[in-house]
Amino acid sequence: MLRYYPQYCLSAFVATAILFVMYFMKRNFRTRKNRIFLIMLTDNLLASGINITTFYVISFPERYPLWADYLSNLVYLSIYNLMAVLFLLYVDSATKIPHMKLPVRIIAGIIACYDLLIIWTTPFTHLVSYFDEELNYRHGPLMVSLYVTAFIAVFTANIMFLRMRKSFNSYQVFSITCFVFGIFGSVMFQAFHPKHVISNFACAMALFFLYTAFENQAYYLYGDTPCYNKKAFIRTIHRMKKLEKPYGVLAVKIEEFENCIHALGRVGAEQLPERIAERISLEFGKMAYCIDGDTFALVAEEDLRGELLAQRLENCFDEPFMLKVEDRVLTAKIKPVMTWIPVSSVDIEGFEMAEVLQGLDDSISDGLMVVDDAWKWIQPVRREKEVLGILDRAIRNQSFEVYYQPIHEVMSGKFLCAEALVRLKDDNGKFISPEEFIPIAEKNGRISDIGNFVFREVCRFISESELIEHGVSYIELNLSPAQCRQRDLAEQFLKVMEEYHIAPHRINLEITETAEMQSLGMSKLHEIMKTLHDHGVTFSLDDFGSGFAALNYLISLPVDIVKIDKSILWQAMKDEKSKTILKHTMIMIKEIGKSIVVEGVETEEMAEILRNFGCDYMQGYLYSKPITGKEYLEFLKREKNSGLSVKEVENLRNLQLV
Ligand code: C2E
Ligand code: CA
Ligand code: CA
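Everything numeric here is computed off the predicted structure, so don't read it as measured data. (Residues numbered from 1 in each chain as written. Chains lettered and ligands numbered in written order. Predicted model: local features only at pLDDT ≥ 70, side-chain atom pairs only at ≥ 80, totals over all residues. Heavy atoms only, no water.)

In terms of regular secondary structure, the protein chain is built from 24 helices and 19 strands. Its C-alpha atoms give the protein chain a radius of gyration of 36 Å, clearly above 26 Å, the size a compact globule of 658 residues would have. Once the C-alpha set of the protein chain is aligned to its principal axes, its extents read approximately 120 × 60 × 45 Å. Counting all 658 residues of the protein chain, 50% fall into the buried class. (Helix = DSSP H or I, 4+ residues; strand = E, 2+ residues; numbered from the N terminus. Rg over C-alpha atoms; globule rule 2.2 N^0.38 Å. Buried < 20%, exposed > 50% of the residue type's maximum accessible area, 1.4 Å probe, protein only.)

An order of β4-β5-β3-β8-β9 is seen for the 5 strands of this open sheet, with the pairing classed as mixed. A single partner strand is all that each edge strand has here, and the edge strands are β4 (288-292) and β9 (368-370). Neighbouring strand axes in the sheet, compared pairwise and without regard to direction, differ in orientation by 25 degrees on average. Sheet analysis places strand β8 (residues 336-343) next to β9, joined by 3 bridges and oriented parallel. Bridged to Trp340 within β9 is Val370. (Pairing = 2+ DSSP bridges. Axes fitted to C-alpha atoms, helices over the stretch in contact; angles between N-to-C directions.)

On to unusual backbone geometry. The phi angle at Glu244 is positive, at roughly 55 degrees, despite the residue not being glycine. If you trace the backbone, Glu244 turns up in the loop between α9 (230-243) and β3 (247-254). Even without glycine at this site, Gln398 takes up a positive phi of about 50 degrees. Summarising the element assignment, Gln398 is placed in the loop between α13 (374-397) and β10 (401-409). Overall, the relative accessible area of 44% leaves Gln398 in the partly exposed class.

This part covers the coordination of the calcium ion (ligand 2). Geometry reference: four tetrahedral donors at a metal, ideal angle 109.5 degrees. Six octahedral donors, ideal angles 90 or 180 degrees. Those protein atoms acting as donors to the calcium ion (ligand 2) are Glu419 (OE), Asn478 (OD1), Glu510 (OE) and Asp542 (OD), and they sit at 2.1 to 2.3 Å. In terms of primary sequence, the donors binding the calcium ion (ligand 2) are separated according to E-x58-N-x31-E-x31-D. Separating the calcium ion (ligand 2) and the calcium ion (ligand 3) is a distance of 5.4 Å. With Glu510 in strand β14 (residues 507-512) and Asp542 in strand β15 (residues 538-544), this pair connects stretches of sequence that are 32 residues apart. Just as Glu510 is buried, Asp542 falls in that class too. (Donors = N, O, S within 2.8 Å, 3.2 Å for Na, K, Ca; no water.)

A few words now on the side chain of Gln271. Within the secondary structure layout, Gln271 lies in helix α10 (residues 257-284). If sequence neighbours within four positions are ignored, Gln271 has contacts with Leu323 and Lys324. (Contact = heavy atoms within 4.5 Å.)

A few words now on the coordination of the calcium ion (ligand 3). Protein coordination of the calcium ion (ligand 3) is provided by Asp543 (OD), Asp565 (OD), Glu599 (OE) and Glu599 (OE), with donor distances spanning 2.0 to 3.1 Å. Site description for the calcium ion (ligand 3): donor spacing in sequence, D-x21-D-x33-E. Given the relative accessible area of 22%, Asp543 is considered partly exposed. You can call Glu599 buried: its relative accessible area is 8%.

With that settled, the discussion passes to the site of ligand 1. In the vicinity of ligand 1, 23 residues are found, and the nearest of them are Gln405, Arg423, Lys566, Glu602 and Tyr621. Asp543 places a polar side-chain atom, nitrogen or oxygen, 3.2 Å from an oxygen atom of ligand 1. Between a nitrogen atom of ligand 1 and a side-chain N or O atom of Glu602, the distance comes to 2.6 Å. Bound to the protein, ligand 1 loses 88% of the 790 Å² it would expose on its own. Every element with two or more residues in the shell around ligand 1 is listed here: β11 (417-425), α14 (434-443), α15 (447-464), β15 and α20 (566-572). Ranked by residue count, the leading element in the shell around ligand 1 is β11, at 4 residues. For the shell around ligand 1, a count of residues per class yields 10 nonpolar, 5 polar and 8 charged. (Near = heavy atom within 4 Å. Polar contact = N/O pair within 3.5 Å; in protein donor to acceptor, adjacent residues only side chain to side chain. Areas by Shrake-Rupley, 256 points an atom, 1.4 Å probe, with all protein chains shown as cover. Nonpolar A, V, L, I, M, F, W, Y, C, P; charged D, E, K, R; others polar.)

Here we come to the environment of Met287. With respect to the helices, strands and loops of the structure, Met287 is situated in the loop between α10 and β4. Residue classification places Met287 among the buried positions, given a relative accessible area of 18%. Linking Met287 and Arg446, residues 159 residues apart in sequence, is a C-alpha distance of 37 Å. Once residues lying within four places of it in the same chain are set aside, the contact partners of Met287 are Ala297, Leu298, Val299, Ala300, Leu304 and Leu309.

Right, let's get into the environment of Leu489. In this fold, Leu489 is placed in helix α16 (residues 489-499). In the structure, Leu489 is positioned 41 residues away from Ser448 in sequence and 9.2 Å away in space, judged by C-alpha atoms. Beyond its immediate chain neighbours, meaning those up to four positions away, Leu489 contacts Asn452, Leu479, Gln483, Cys484 and Ile528.

In this model, helix α3 (residues 66-95) (30 residues) spans 45 Å end to end at C-alpha, consistent with the 44 Å of a helix rising 1.5 Å per residue. Along its length, α3 shows its largest kink, about 30 degrees, at Met83. Looking at the residues trailing α3, positive phi occurs at Lys96, about 50 degrees. (Expected span 1.5 Å × (residues − 1). Bend = angle between axes of the 7 residues up to and from the residue.)

Within the largest apolar cluster, 80 residues are counted, with the highest numbers of intra-cluster contacts made by Leu391, Phe400, Val458, Ile475, Ile507, Leu509 and Tyr632. Among the elements that take part in this core, α15 stands out by supplying 9 residues, more than any other. Sequence-distant contacts of Ile507, defined by excluding residues within four places in its chain, comprise Phe455, Val458, Cys459, Ile462, Tyr474, Ile475, Leu477, Met497, Ile502, Val537 and Thr538. Listed in part, the 39 residues of the second largest apolar core include Leu19, Phe87, Ala150 and Phe214. (Core = buried A, V, L, I, M, F, W, Y, C linked by side-chain atoms within 4.5 Å.)

Inspection of the entire model under this criterion finds 33 aromatic pairs. Consider the rings of Phe317 and Phe321, whose centres lie 5.6 Å apart with planes at 70 degrees: the pair is edge-to-face. Residue Phe321 is classed as buried on the basis of its relative accessible area of 2%. Through a chain of ring-to-ring contacts, the aromatic side chains of Phe20, Tyr23, Phe24, Phe37, Tyr90, Phe161, Phe168, Tyr211 and Phe214 assemble into a single cluster. Looking at Arg279, its charged tip hangs above the ring of Phe321, at a distance of 3.9 Å from the centre. (Phe/Tyr/Trp six-rings, centres within 6.5 Å; stacked < 30°, edge-to-face > 60°. Lys NZ or Arg CZ within 6 Å of the ring centre and 35° of its normal.)

Of all 5 residues in β4, 4 are buried, a share of seventy percent or more. Connecting β4 to the antiparallel partner strand β5 (residues 295-300) that follows it, the hairpin turn spans 2 residues.

Our focus in this paragraph is the pairing of strand β7 (residues 328-332). Here 5 bridges tie strand β6 (residues 321-325) to β7, and the two strands are oriented antiparallel to one another. By the bridge assignment, Leu323 is partnered in β7 with Leu330. Counting the residues that bridge the hairpin from β6 to β7 gives 2 residues, and of these Glu326 lies at a positive phi of roughly 50 degrees.

Attention now goes to the packing of helix α2 (residues 32-59) against helix α8 (residues 199-214). As a packed pair, α2 and α8 sit with axes 10 Å apart at the nearest point and diverge in direction by 160 degrees. Between α2 and α8, the angle is such that the two are roughly antiparallel. For α2 against α8, the interelement crossing comes out left-handed. Contact residues: α2 offers Lys33, Phe37, Met40, Leu41, Asn44, Ala47, Ser48 and Asn51, while α8 offers Asn200, Cys203, Ala204, Leu207, Leu210, Tyr211 and Phe214. Its residues assigned to classes, the contact of α2 with α8 comprises 10 nonpolar, 4 polar and 1 charged. (Parallel < 35°, antiparallel > 145°, perpendicular 65-115°, else oblique. Left-handed = near helix turned anticlockwise from the far one by under 90°.)

Keep in mind these numbers describe shape, not what the thing actually does.
Structure follows, in structure tokens:
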């Protein structure tokens, strides 16, 4: 008669129970993976618990009725064999390989069904295990098949994991290896030393490694606080969408956060979000999220009213926050700016909602703002994603087009140059306005790809169409300041011009002053402009008069032409004061020796006024809309643009400038 040593199972039981307690002491964010982990823990706890009783039953079967002998044995086998299947599902939810989702479920389902079927029919078939006439416990011929199915599950899991191992750290790889070898090693060991049933204990150890390597809940927490972070928020919203349940989000911004930073200093401002996160998670528990330093959210899964939550939240901010800066303690009295976003019908993704929240205004407001239609807020975010998708496809396929808008030179009456304007079509062949996609490209780091495409395309066009023969001296291209982040921009442009045998003075780059330009720093921009300018490329200051104070750039940057924004011209057509401003602006620009282009010239009346003010170039629908390269060449022919040679026109212009 075989006597088993129960102490291994006892240790396994205790170890798993400790792990169980550890698991529940931490704040857990609910995911599929950690739910499976919890089932694995429960499984091992039950398996090791039941195993202890099973040992006694197997060791002294004569003391119990036969059905009880079988029952304890079958329950144990079922639970124990489930572990391999659970491991497979666990690895599946950790690796998240989309096309494996279904195959894994099928494999897991087949294995579980097979195991349970042969285990629970064994009292009649004796295929897995049985008690012989002397009531000795014996293995049946199909016992080995349980090992085979377990092997298949663990092996599949291991293959999946190895495929994705690059996205895991070495400790995670180690813990999975431990699981695989721990389980197989212990089973092998048991085969040779049947009294030493160590596999439950090996499982407990393997679960410990999994726990420390994967069940890292800090991943879903904000800093050192118990408050959930943006990742958790995104997953929660995703879950609500899948459940198709109405819910509400109370968005919380810190009022005038920029001012807060100034008042508290960098160190103080860094601590503030954590203090707030701690306080709101103490009050609201698992409802509270910190999206980033100045944006917080409460997600109300039940039908809670926004005002109620807002009231409770406001109370959280009654007491000032204590911040420790070096050896001083600062107190910060903060006001929350709250928006209640009820979501009832639209299917909103988590990242979209997070983006909406981050984009909310933090300016002073009284009371709670209530949004009636979450969709209105989501739409721009979704549109941006859509446009980005179209942009990326266009970048991959190089399917942008370049249109040209002829620019009229006042003195010669010729179309001496043109502005190249990029065009993008959506999947239905409809144009998307550059006003929409250029800012998106700038924001998402795609502008250089567009800029480089347009530059090459323009050089190709100048060279292939022999534009100079058509009386065209140069082409203007828009250069976004964000492109200047490309370190070797000047060298690249020069190389492309060389490749197409284009003299640099055939290119004029239009640069717009934006906030980006300021953050980039003048020296970088200046350096790039100077390199190109020294080679003969000329520059225009675009959109002059709209937005930023450009006078500073006018003095410090090597700018040859100033393009006055169409809004200035249009305003001047409406009132006398604006007209005076336009006139004197133009006089000023001329006095410092720059040429002037005015864009948006739509009527003969506008052209007449501009001529009187001493305008050099005019661009607008009066002459032509932006047109394709082919149409542009036809336009030039029609306008008999090559009547004077470029040289003559250029000389004429130079004469006028001196
Ligand atoms: P922008 O540089 O101010 O370009 C002039 C815009 O005014 C063009 O719009 C042009 O079609 C439009 N326009 C010209 N004359 C008239 C007129 O008489 N009436 C009216 N209503 N509009 C006129 P578009 O092509 O939609 O371009 C918009 C903006 O997109 C451009 O403004 C520019 O900032 C940007 N953009 C266009 N192509 C590029 C490019 O290749 N690179 C970069 N970085 N930006 C570009
Ligand atoms: Ca422009
Ligand atoms: Ca403009």
